[in-house]
Amino acid sequence: MTAQPKNSRTGTPIAPLNIPAIRDEFPILQREINGKPLVYLDNAASAQKPEFVIESVAGVYRSYYANVHRGLHTLANESTEAFELARDDVRRFINAARTEEIVFTRGSTEAINLVAHSFGQGLKAGDEIIISRMEHHSNIVPWRILADAKGLTLRWADVNAAGELDYPQLADMVNGDTKLIAISHMSNVLGTINHAERIMEIARSAGVPVLFDGSQSAVHIPVDMQALGCDFFVFTGHKLYGPSGIGVLYARGDWLDRLPPFMGGGEMIADVYEDRLTFADPPHKFEAGTPPIADAIGLGAAIRWLERHDRAAVMEHERALMDRAVTGMAAIEGVRMIGTAQDKGAIISFAMEGAHPHDIAQILDKYGIAVRAGHHCAQPLMRHMGVSATARASFAIYNTIEEADAFVDALKKARDFLI
């Protein structure tokens, strides 16, 4: 009899996943690419969507679409109820204390820009913001723009050769001028899962607010805002098996009361006079204009779909896929892993001596295997790791051991062709 699998970190038993049944829920996985079964390993860029999510979005338009919050007719009431229930799905998913702490945005990028614009209005020349060298451009560019506009100093926490954050250096960087630490919870290139609790200890000791970019972590590991205690947390729907064009900003406590609005227009106001304005209560204060109604409802559906599955089992499954692929890649001459942190999610970035990542990706596509190639919106990290670009394979709940093997086999063929 096969022993019941256990969580590698806690040792507790976990329920097995029915991967064939899960795959059947994703229509796109039935496709063939160049006569080969699709092996989709571009999940860190965007995940595929289960039928439950597709039908949830389609159902909005088929059955009850109307603008939210403003109408008194039946369709408006039904749309508003579904939209606000999705907000509560988000609250439950990240264990926020109140739905008023949840702002819908177009994605992580807009959420970070919202904080940079609103929080940044209170900063002055000489203030400092700390980010890290592993950040996605979405968590670099808004702060660079803000720093240039206001005379702030943008400081960079280092990453070691394994792709791990230098925590002692981060602690040394924090001083009386530090106004915010904005850092990735999980790297989209390295797969490194940063120790959020350790970062929070450093920040709390100096009274510095923290923003975590959870674009990757929200998909792969359980996140708990009340346990974590960060001030801001962002994530995006399209990586979480949900629609594109929808994301989330979580802001703890009374931050949304204190911060000025990001954009002006309808929905975010209480009263408009010729000479003054009064704003709506959070979160609507930060949701100007007509929101992405069907997409928000689709995000709620994606969360409910993911909650059907044991998150520990999902983590173990994805980690097993990554380990299988890494073991196979280790036997391929000239392949260099970029990011070997001990605590990492199911993302493999790699370079091949004598081959450009774009060429690797194109050859893998001939075998039906979809990977990402380029700088992954992380050019400072690429330079820091001594490469201009990498290829990247990233795994999700619906991937299989057979697909991990197919990826390795195709990579061997790519090397034989290119080298």
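Details of the structure are given in the entry above.
Before going into details, it helps to say that this report is about the structure given with it. All figures in this text were calculated on a predicted structure; none of them were measured in a lab.

A closer look at a nonpolar patch on the surface
Then step 1. On the surface, a cluster of nonpolar side chains totalling about 280 Å² of accessible area is made up of V272, L277 and F279.
Then step 2. A relative accessible area of 37% places F279 in the partly exposed class.

Details of helix α5 (residues 141-150)
Then step 1. All buried positions along α5 are accounted for by P142, W143, L146 and A147. On an axial view of α5, the arc spanned by its buried residues comes to 130°, and they lie on one face. Away from its buried face by more than 90 degrees, α5 exposes I145, D148 and A149.
Then step 2. Here the buried face of α5 lies against α4 (108-120), β5 (128-132), β6 (153-157), β7 (178-184) and β8 (210-213).
Then step 3. Where α5 terminates, the next one or two residues include G151, which has phi positive at roughly 75°.

Focus on the packing of aromatic side chains
Then step 1. Counted according to the given criterion, the structure contains 13 aromatic pairs.
Then step 2. Ring centres of F26 and Y398 lie 4.7 Å apart, and the angle between their planes is 65°; on these two criteria the pair is classed as edge-to-face. Here F26 is found in the loop between α1 (19-24) and β1 (32-33), whereas its partner Y398 is found in the loop between β17 (390-394) and α15 (401-418), with 372 residues between them in sequence. With respect to burial, F26 and Y398 carry one shared label: buried.
Then step 3. Aromatic ring contacts, followed pair by pair, group F26, Y241, W305 and Y398 into a single cluster.
Then step 4. Over the ring of W255 we find R258; its NZ or CZ atom is 4.1 Å from the centre of that ring.
Then step 5. Sitting over the face of the ring of Y273, R276 holds its NZ or CZ atom 4.0 Å from the ring centroid.

Procedures and definitions
- Positions within a chain are numbered from 1, following the residues in the order the chain's sequence is written.
- Reporting of local features is limited, given that this is a predicted model, to residues whose pLDDT is at least 70; pairs of side-chain atoms are given and counted only at 80 or more, and all residues count toward the totals for whole chains, interfaces and linings.
- Each side-chain value is derived from all of the structure's non-hydrogen atoms; neither hydrogens nor water enter the calculation.
- A patch consists of residues whose relative accessible area exceeds 30% and which take part in no salt bridge; residues with like charges are grouped when within 9 Å of each other, and nonpolar side chains (Val, Leu, Ile, Met, Phe, Trp, Tyr) when within 5 Å.
- The accessible surface values rely on the Shrake-Rupley method and a 1.4 Å probe; as for residues, cover is taken only from the protein chains in view.
- By convention in these notes, a salt bridge is any Lys or Arg side-chain nitrogen within 4 Å of a carboxyl oxygen on Asp or Glu.
- With a 1.4 Å probe rolled over the protein chains alone, any residue whose accessible area is under 20% of its type maximum counts as buried; one over 50% counts as exposed, and the rest are partly exposed.
- Secondary structure is summarised from DSSP: a helix means a run of H or I of at least four residues, a strand means a run of E of at least two, and numbering begins at the N terminus for each.
- Regarding the arc, it is the one traced by the directions from the helix axis to the C-beta atoms.
- We call two residues contacting when some pair of their heavy atoms lies within 4.5 Å.
- For Phe, Tyr and Trp, where Trp contributes only its six-membered ring, two rings pair if their centres lie within 6.5 Å, and the inter-plane angle classes them as stacked under 30 degrees, edge-to-face over 60, or tilted in between.
- Criterion for a charge above a ring: Lys NZ or Arg CZ within 6 Å of the ring centre, and within 35 degrees of the ring normal.

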